[in-house]
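What the coordinates show
Take a look at the letters that make up each chain.
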Amino acid sequence: MRIALLTRAKDRLYSNRRLVEAARARGHEIEYVHTLNCYMDIASHSPSVHLGGQELPFFDAVIPRIGASVTFYGCAVLRQFEMMGSYPLNESVAITRSRDKLRSLQILARAGVGLPLTGFAHSTKNTNDLIQLVNGAPLVVKVLEGTQGKGIVLAETQKAAETIIDAFRQLKANFLVQEFIKEAGGADIRAFVIGGKIVAAMMRKAAEGEFRSNLHRGGTASLIKLTPEERSTAVRSAKRMGLNVAGVDILRSSHGPVVMEVNSSPGLEGIEKATGKDVADMIIQFLETNAKPKRTRTRGQG
Ligand code: ADP
Ligand code: MG
């Protein structure tokens, strides 16, 4: 197969290096395609992608590793590849869906997936009622576009919650208000799903004095065995989001597993190191089985 790795980071990222290694080890050609340097002939009947003055060749498969800050342009480039018939590891439509936290939660709620109580509001009135929707403080306020734990605040008291919500409103930020799952004890589960199966899972524990377990925030990872309910929650979440490859983040709450988010470009470093599994190889194997020209569900539509 000829594979494009759509990324800006090249060898700088562990995940990219591992995917390149795994693809070459299995006898495929793989090259980096810099997401933002691509330009496209949008309106043509024979769609193409150009880079550095040249039209790119046909790729059997495209692995999108699109950073959160360039979701819009990155998904447009991926969509163009889909229109050309390349098989995307994850489809542009599914990536767009998963990057919007609010939309994701609505989709998961409709599918009956367990979620933390979550409220969303625009108006500056009724702050108290919004707080009551999630059973009061302590609660978590999340900016919709945040990643790596950056846009998340824990409000421990009613007063703190009101102040934070008012401050976010002043900034005109879109945010969610969410029940704080205290019983999770600063730990969450990352279930790595490929093609409807859980291939690896880890528990991430927040650093001392921190409630966010993101590895970028000093969290530590360890191997974990998932319960059947957690497994089905993760698999259903990935399926509902339409993602072939997903990192599903789950909290162990007193009312069962609740999903926080479904990641469409889950990092490989934490999970491979915690579990000792060759996840990159499994991703390439998935492409070997599935990457047939024009096999994407949407071909960039919808
Ligand atoms: P990000 O996209 O920034 O990673 P998340 O929604 O995954 O945002 O939250 C980051 C971390 O904060 C989670 O991994 C978890 O440890 C903690 N966290 C998030 N929401 C809650 C919650 N409702 N209750 C308890 N902890 C939470
Ligand atoms: Mg997260």
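This write-up is about the structure you can find in this document. (Residues numbered from 1 in each chain as written. Chains lettered and ligands numbered in written order. Predicted model: local features only at pLDDT ≥ 70, side-chain atom pairs only at ≥ 80, totals over all residues. Heavy atoms only, no water.)

1. So, the sheet that holds strand E11 (residues 175–179)
Note the cut-off: Should DSSP find at least two bridges between two strands, the strands are regarded as paired. Elements are defined by DSSP. Helices are runs of H or I of four residues or more, strands are runs of E of two residues or more, and each kind is numbered from the N terminus. What counts as an axis is a line fitted to C-alpha atoms, over the stretch in contact for a helix, and the angles between N-to-C directions run from 0 to 180 degrees. Pairs of residues are marked as contacts when any of their non-hydrogen atoms sit within 4.5 Å.
Spatially, four strands are ordered E8-E11-E9-E10 in an open sheet, and the strand pairing comes out antiparallel. Of all strands in the sheet, those with a lone pairing partner are strand E8 (118–120) and strand E10 (152–155), marking the two edges. The mean angle between the axes of side-by-side strands here comes to 25°, regardless of whether they run parallel or antiparallel. Sheet topology places strand E9 (residues 139–143) next to E10; four bridges connect them, and they run antiparallel. Within the sheet, the bridge partner assigned to Val141 lies in E10 and is Val153. Contacting E8, E9 and E11, helix H4 (residues 101–110) crosses the sheet at an angle of about 45° to E11. Packed onto the sheet, helix H6 (residues 158–170) meets E9, E10 and E11 and runs at close to 150° relative to E10.

2. Describing unusual backbone geometry
Threshold: Per-residue accessibility, obtained with a 1.4 Å probe over protein chains only, is compared with the maximum for each type, and a residue is labelled buried under 20%, exposed over 50%, and partly exposed between these values.
The peptide bond linking Ala137 to Pro138 adopts the cis configuration, its omega dihedral lying at -5°. Inspection of the secondary structure assignment puts Pro138 in the loop between helix H5 (127–133) and E9. A positive phi angle, close to 70°, is found at Asn135, a residue other than glycine. For Asn135, a relative accessible area of 60% translates into the label exposed. Positive phi outside glycine occurs at Lys172, with the angle close to 60°. Mapping Lys172 onto the fold places it in the loop between H6 and E11. The class for Lys172 is exposed, based on a relative accessible area of 75%.

3. A short note on the site of ligand 1
Stated precisely, the cut-off is as follows: The rule for a residue being near a molecule or strand is that one of its heavy atoms must lie within 4 Å of it. Between N or O atoms, a polar contact is any pair within 3.5 Å; within protein, one atom must be a potential hydrogen donor and the other a potential acceptor, and residues adjacent in sequence are included only when both atoms are from side chains. Note on areas: Shrake-Rupley, 1.4 Å probe, and residue coverage restricted to the protein chains presented here. When residues are grouped by polarity, Ala, Val, Leu, Ile, Met, Phe, Trp, Tyr, Cys and Pro land in nonpolar, Asp, Glu, Lys and Arg in charged, and all others, Gly among them, in polar.
Near ligand 1 lie 20 residues; those nearest to it are Lys101, Lys142, Gly149, Glu179 and Asp188. Contacts to ligand 1 include Ile181, whose backbone N or O atom sits 2.9 Å from a nitrogen atom. Interatomic distance of 2.8 Å between a side-chain N/O atom of Glu261 and an oxygen atom of ligand 1. For ligand 1, whose free accessible area comes to 550 Å², the fraction covered by protein is 97%. When contributions to the shell around ligand 1 are tallied by element, the ones reaching two or more residues are E9, E11 and strand E16 (256–263). In terms of residue class, the shell around ligand 1 is built from seven nonpolar, seven polar and six charged.

4. A few points about the sheet that holds strand E7 (residues 87–88)
Judged by pairing direction, the sheet is parallel, and its four strands sit side by side in the order E2-E1-E6-E7 without closing on themselves. The open sheet has two edge strands, strand E2 (29–34) and E7, and neither has a second partner. Summarising the sheet, strand E1 (residues 2–7) and E2 pair through six bridges and their orientation is parallel. Paired with Arg2 across the two strands is Glu29, which belongs to E2.

5. Overview of the packing of helix H3 (residues 92–99) against H4
As a reminder of what qualifies: Under this scheme an angle from 65 to 115 degrees is roughly perpendicular, one under 35 degrees roughly parallel, and one over 145 degrees roughly antiparallel; angles in between are oblique.
With their axes 5 Å apart at the nearest point, H3 and H4 run at an angle of 100° to one another. Viewed along their axes, H3 and H4 adopt a mutual orientation that is roughly perpendicular. Residues Thr96, Arg97, Ser98 and Arg99 of H3 lie in contact with H4, whose contacting residues are Lys101, Arg103, Ser104 and Ile107. Looking at the contact of H3 with H4 residue by residue, the classes come out as one nonpolar, three polar and four charged.

6. Quick look at the side chain of His28
You can see His28 is positioned in the loop between helix H1 (14–25) and E2. Setting aside its immediate chain neighbours within four residues, His28 contacts Met1, Ile3, Ala23, Ile284 and Glu288.

The quantities given are spatial measurements derived from coordinates; they are silent on function.
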